[in-house]
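Observations on chain architecture
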Amino acid sequence: MCGIVGYIGKQEAANVLLGGLKRLEYRGYDSAGIAVLNGSLSVVKQKGNVASLGEAIKQSDGMVSDATIGIGHTRWATHGDPSDRNAHPHLNAQGDIALIHNGIIENHAALRVELANHGYSFSSDTDSEVLVHLIDHLWESIPFLDFEGAVRQALTVVEGAYGICVISGREPDKVIVARKGSPLVIGIGENEFFIASDAAPLVEYTRKVVYLSDGEMAVVHRDGYKVKTIDNVVQEKALTELDFELEEIEKGGFEHFMLKEIFEQPDVMEDVMRGRVRIEDARVQLGGIADQLEQLRKAQRIIICACGTSWHAGLIGEYLIEEFANIPVEVDYASEFRYRKPIIGPGDVMLVISQSGETADTLAALRLAKEKGATVIGICNVVGSTIARETHCGMYTHAGPEIGVASTKAFTAQVIVLTMLALALSKERTMSDAEVMQALYCLDTLPERVKNILECRDQIVDIAEHYKDARNFLYLGRGYNFPVALEGALKLKEISYIHAEGYPAAEMKHGPIALIDEEMPVVVIAPKDTTYKKVLSNIEEVRTRKGRVIAIATEGDEEIKALADHVIYVPAGAPFIMPLLTVIPLQMLSYYIATLRGCDVDRPRNLAKSVTVE
Ligand code: F6R
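Residues numbered from 1 in each chain as written. Predicted model: local features only at pLDDT ≥ 70, side-chain atom pairs only at ≥ 80, totals over all residues. Heavy atoms only, no water.

Regarding its fold elements, the protein presents 19 helices and 26 strands. Relative to its length of 614 residues, the protein is compact, with a C-alpha radius of gyration of 26 Å against a globular reference of 25 Å. Dimensions of the protein along its principal axes, counting C-alpha atoms only, are 80 × 55 × 45 Å. Across the 614 residues in the protein, those meeting the buried criterion constitute 62%. The long-range fraction of contacts in the protein, counting pairs at least 24 apart against all pairs at least 6 apart in sequence, stands at 71%. Carbon together with sulfur atoms contributes 48% to the accessible area of the protein, which is approximately 22900 Å² in total. (Helix = DSSP H or I, 4+ residues; strand = E, 2+ residues; numbered from the N terminus. Rg over C-alpha atoms; globule rule 2.2 N^0.38 Å. Buried < 20%, exposed > 50% of the residue type's maximum accessible area, 1.4 Å probe, protein only. Contact = heavy atoms within 4.5 Å. Areas by Shrake-Rupley, 256 points an atom, 1.4 Å probe, with all protein chains shown as cover.)

And the structure:
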């Protein structure tokens, strides 16, 4: 989603802003721009990437050099096409207020008409531009209002979601920021302050940050900042210490972030389990939910809400919790849950899963569940994110910053947390110590097994070469591997733009089989488990219709070789562990097909890393 950076201090603002925008590129965008204040406002903005914005800034005859205050933005088009004129920052008519905005102003059309009646004209098609004119209008028309007051007034008028950063030549030594539904964080330096929509641009400058909450705004000066609510009530904010290193958000020798993140998974898996998996006492220690564990064990049911890849992790969670803890689970798309009339109340438990912790639909589902009295637990990757803060309790995935837009390591980390949660809930309820110990041992050996799978890179590149020009793919799996089939298909379509569908293998004959011909690669996840023989029959059915089969199978399975065109082996393991193994070759297959097709895997078209709008 759009990215925000802001700076006030002693360094050349344009450099800090450009560097920050570069770090936000992973969120997805189609235009970029900055505004700096040096007596007057200078703006450089255009369609295209941050590198070309950098060139344009160089060509701007030093207009922007020496300025030590400014704001910058990467825009992901929602209202108005990607173009120079729709790029942020937006200016008022006199050119002395500049604003950048993430989110959506829902009443922009009505405000546009109202402002036009007051003589305002618009130079973009965006909803955001309305806000800068509204600030200008209120500042001009209400006596004794200052900059802060004008922004505050404007925010009481707009409906929708926003993260904004505003500067003005009329009150030049401040940056005003505010949020509602769109994250903002302030980085605290020595007489300098950094503002961003996530912590990635801040970490090279400072580890001390303040996360704004919804309904808060801050006025940031060179020597300090003050946070208030939109209603003007001063807020005491706690400082948070960032816990990741700069190198974690750099590529570390890999060609893409996505590949780096795929190969990081063995280490991530160790990080997720560190201190939590206690084989010797057959226990899982989940500090974040320790106080609520008993209540959770008594839950009549658990509702899991999430979006996209996190929803797929949730589906695996359903299998895990029902198998280990014997608690009924429902899994819902957060976007559907929030607009149904969901039956949920005190005594129910909602589990929300989100890598970013900022997904608008997931956040809305959690708020609704809280409102109705349910206990809400979060599984998030981004520390201090809105979802992490608004849930009653939760568990971090500790996967480190995930920069590639297509989620990989965060997914496996989520599934491990769900596995640990299911085991923690099972204790003394449905499993013996020996069984828990056995399951924990299995988890503990996971990183080594994943390392083995990653070694089949060359084979997967080969398979990718074979199928890179396919127009459609089908992914089939059963039980724990059905959600993996969905995830494999999603990964392929989002980064390679090849149409792909995931199905429970047995559903194939209820429709998708009609699609199968010699042009159709079918990825079948077929580990040796209780449905193995049935999945083999599905493979036979695909073969009969001349479909091409890529099987993900258990090491040592010779039988499947006779049926499949290609077999990628994964180590043997208990059924519950298999999704964490079988998903790895699928991530790699998508990656290599996409790169062979020349796609920008880290920034796939039309996609955003953090979906903070509906
Ligand atoms: C796909 C992907 C998305 C996200 C979804 C939810 O690779 O990353 O489908 O999983 O947008 O995002 P989070 O997990 O941040 O709530």
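Moving on, there is more to tell.
Among the 15 residues in the neighbourhood of the ligand, the closest are listed as Ser-310, Ser-354, Ser-356, Thr-359 and Glu-494. A distance of 2.6 Å separates an oxygen atom of the ligand from a polar side-chain atom of Ser-310. Take Thr-359: an N or O atom from its side chain is 2.4 Å from an oxygen atom of the ligand. Contributing elements (two or more residues each) for the shell around the ligand: helix H9 (308-325) and helix H17 (482-496). Among the residues making up the shell around the ligand, the classes are represented as 5 nonpolar, 8 polar and 2 charged. Residue contributions to the shell around the ligand reach at least three from each of two domains, namely domain 2 (250-444) and domain 3 (450-602). (Near = heavy atom within 4 Å. Polar contact = N/O pair within 3.5 Å; in protein donor to acceptor, adjacent residues only side chain to side chain. Nonpolar A, V, L, I, M, F, W, Y, C, P; charged D, E, K, R; others polar. Domains from an automatic or database assignment.)

This part is about the pairing of strand E22 (residues 472-477). Within a regular strand, side chains alternate between the sheet's two faces. Most of E22 is tucked away, with 5 of its 6 residues classed as buried. For E22 and strand E23 (residues 499-504), the ladder comprises 6 bridges, and the chain directions are parallel. Bridge assignment links Gly-477 to a residue of E23, and that residue is Pro-504. On the question of chirality, the crossover connecting E22 to the parallel E23 by way of H17 is right-handed. (Pairing = 2+ DSSP bridges. Right-handed = clockwise from strand over helix to strand, strands pointing away.)

This part is about the environment of Pro-401. Within the fold, Pro-401 resides in the loop between strand E21 (393-396) and helix H13 (409-426). Note: C-alpha distance between Pro-401 and Glu-541 (140 residues apart in sequence) is 42 Å. Excluding its chain neighbours within four sequence positions, the residues that come into contact with Pro-401 are Phe-244, Glu-248, Ile-249, Glu-261 and Lys-409.

With that out of the way, let us pick up unusual backbone geometry. Note the cis peptide between His-88 and Pro-89, where omega equals 0°. Residue placement: Pro-89 occurs in the loop between strand E4 (69-75) and strand E5 (90-91). Unlike most non-glycine residues, Asn-232 shows phi in positive territory, near 80°. Relative to the helices and strands, Asn-232 is located in the loop between strand E13 (224-229) and strand E14 (240-241). Taking the relative accessible area as the measure of exposure, Asn-232 reaches 41% and is therefore partly exposed. A positive phi angle is found at Asn-606, which is not glycine, with a value near 65°. Checked against the element boundaries, Asn-606 lands in the segment after helix H19 (578-596).

Sheet topology places strand E12 (residues 216-221) next to E13; 6 bridges connect them, and they run antiparallel. Considered in E13, the bridge of Met-217 is made with Lys-228. With antiparallel pairing between neighbouring strands as the criterion, E12 and E13 make up a hairpin whose turn holds 2 residues.

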